[in-house]
Amino acid sequence: MAAASIPMLDLAAQRTRLEPGLSEAIERVLTHGQFIMGPEVEQLEIALAASCGASHAVTCANGTDALVLVMLAEAVGPGDAVVVPSFTFVATAEAVVLRGAVPVFADVDPDTFNIDPESAERALDHARTLGLRPRMVVAVDLFGEPADYGRLQELSSHHGVVLTADAAQSFGAAYHGRPVGTLADYTTTSFFPSKPLGCYGDGGAVLTEHRQRAAMLRSLRVHGKGADKYDNVRVGVNSRLDTIQAAILLHKLALLPDEIGMRQYVADRYRERLPGLDSQATNPRSQSAWAQFTVRCATSGVRSAVQQSCDTEGVATAVYYPRPLHRQTGYQDFPRDPAGLVHSECLSDLVLSLPMYPYLEQSDLDRVCTAVRRGSVDPGEVREVR
Ligand SMILES: *Cc1c(COP(=O)(O)O)cnc(C)c1O
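Residues numbered from 1 in each chain as written. Predicted model: local features only at pLDDT ≥ 70, side-chain atom pairs only at ≥ 80, totals over all residues. Heavy atoms only, no water.

(A) Broad picture of the overall build of the chain. Regarding its fold elements, the chain presents twelve helices and twelve strands. Taken over the C-alpha trace, the chain has a radius of gyration of 21 Å; the compact-globule value for 386 residues is 21 Å, and the two agree within 12%. With the C-alpha coordinates of the chain rotated into their principal frame, the extents come out at 75 × 60 × 35 Å. By residue count, 53% of the 386 residues in the chain fall in the buried class. Within the chain, counting contacts between residues at least 6 apart in sequence, those at least 24 apart form 72% of the total. Of the roughly 15,900 Å² of accessible surface on the chain, 52% is carried by carbon and sulfur atoms. (Helix = DSSP H or I, 4+ residues; strand = E, 2+ residues; numbered from the N terminus. Rg over C-alpha atoms; globule rule 2.2 N^0.38 Å. Buried < 20%, exposed > 50% of the residue type's maximum accessible area, 1.4 Å probe, protein only. Contact = heavy atoms within 4.5 Å. Areas by Shrake-Rupley, 256 points an atom, 1.4 Å probe, with all protein chains shown as cover.)

Here it is as structure tokens:
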């Protein structure tokens, strides 16, 4: 009988570890019946903020809404420009366009895959030449690795724009010893099931140091409420985290530091055992949340061969992301760094993500490495790629 296939992500072992507390927590919500904004929502917000040392956490329906809420809170709208990396998930730019503002695409660093501050600066300058008002830079912590917040903070204060961290993939990570959640004016995150801190449905949050900004977000997520939701002091949206998801997240949050350590172990083993392959560069002074373990193949041909070999061996792989945003049909007409987005374009052709989850077993890890090596070695030659 063939060995069971290895998925990108397996949540079963985590669930076993969370029981029976997890089921009891869900049962408690079913019993008290406050499915919307029940007590677990506020408990989670306090725990989320405390876990990263942020002053305020405001939960919402998903990570995309978290970005939309930030755009609403800052009144980003027509005539405004928001600089975003092109090599990211579409939600980062989508929130900008939904507000009637213009995303201006910046390139990423070829090694860390995160927004290149120099390209971001050219994008800000370019927005001005187009007659747009630069309002914000959104950095993405791709695959869990924090962006270069030291330089991004300098850049955004120099240009007088808001810095937002799209930390959908990096909650629990740290940059130079400072936790994600405290590195930008706003930090957004997602609790989509496959994120490092995932729930069993959709969920999201915004973290901020500013009391007024947090109060604005709390109003905006419930129809722009004032004293209550029938007092509408501004135009908002309906974007709340379900109480059941908050109860689940309270349990999962307690495991997160340990699980990030386990993900680090998997990443270290991959790097040790796949020395011929370039993986995403991580800053030695940072801690990635390892949402994904991603290699950059030497050529797209090597990538296809590795994909094929893994597929044959029953090892899942995925390409995040097969096309940069500035080449997506819905986004190709927006402006970009005039120097070009060559790294975003190359990475889309070369990256490949391997199975990554805290409970990946040693024998499975061995199988992934064997399949990857088989695909990346020329048959008949002992030479590895690069
Ligand atoms: C997942 C993700 C989002 C969106 O989160 P949802 O909860 O799915 O809306 C936004 N940005 C990035 C970088 C993501 O990976």
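More follows now that the structure is in view.
(B) Seen up close, the environment of Arg373. Within the element layout of this structure, Arg373 appears in helix α12 (residues 362-376). Spatially, the C-alpha atoms of Arg373 and Leu274 are 7.1 Å apart, while their sequence positions differ by 99 residues.

(C) Molecular detail of the pattern of salt bridges. One pass over the structure, following the stated rule, counts 18 salt bridges. With its nearest N and O atoms 2.9 Å apart, the salt bridge here joins Asp278 to Arg296. With Asp278 in strand β10 (residues 278-279) and Arg296 in strand β11 (residues 293-296), the pair connects residues that are 18 residues apart, well separated along the chain. Arg327 is the partner of Glu345 in a salt bridge, and the nearest nitrogen-oxygen pair spans 3.4 Å. Placement of the pair is Glu345 in helix α11 (residues 342-350) and Arg327 in the loop between α10 (300-312) and α11, with a sequence separation of 18 residues. (Salt bridge = Lys/Arg side-chain N within 4 Å of Asp/Glu carboxyl O.)

(D) Quick look at helix α2 (residues 21-32). For α2, with twelve residues, the first-to-last C-alpha span of 17 Å sits near the 16 Å given by 1.5 Å per residue. Buried-residue contacts for α2 involve α1 (12-18), α3 (39-52) and α9 (243-273). (Expected span 1.5 Å × (residues − 1).)

(E) Fine view of the site of the ligand. Gly63, Thr64, Gln169, Ser190 and Lys195 are the nearest of the 15 residues found near the ligand. Within the contact set of the ligand, an oxygen atom lies 3.5 Å away from a side-chain nitrogen or oxygen of Asn62. Lys195 is positioned such that a nitrogen or oxygen atom in its side chain is 2.7 Å from an oxygen atom of the ligand. Surface burial for the ligand is 92%, taken as the share of its 380 Å² of free accessible area covered by protein chains. (Near = heavy atom within 4 Å. Polar contact = N/O pair within 3.5 Å; in protein donor to acceptor, adjacent residues only side chain to side chain.)

(F) Region of the structure containing the sheet that holds strand β12 (residues 351-354). Strand order in the open sheet formed by three strands is β10-β11-β12, and the pairing between neighbours is antiparallel. Either end of the sheet is taken by a strand with one partner, and the two such strands are β10 and β12. With two bridges connecting them, β10 and β11 associate as antiparallel partners. Across the sheet, the residue bridging to Asp278 is Arg296, located in β11. (Pairing = 2+ DSSP bridges.)

(G) Structural detail: the sheet that holds strand β4 (residues 133-140). Pairing within the open sheet is mixed, and its seven strands lie in the order β1-β9-β8-β5-β4-β2-β3. In this open sheet, the two edge strands, each paired with only one partner strand, are β1 (56-60) and β3 (102-106). On average, adjacent strands in this sheet sit at an angle of 25° to one another, irrespective of strand direction. Note that strand β2 (residues 80-85) and β3 share five bridges and pair parallel. Note on β3: the bridge partner recorded for Pro85 is Ala106. Along the sheet, helix α5 (residues 91-98) contacts β2, β3, β4 and β5 (162-166); its crossing angle with β3, the most-contacted strand, is approximately 150°. The sheet contacts of helix α6 (residues 117-129) involve β2, β3 and β4, and relative to β3 the element is tilted by about 145°. (Axes fitted to C-alpha atoms, helices over the stretch in contact; angles between N-to-C directions.)

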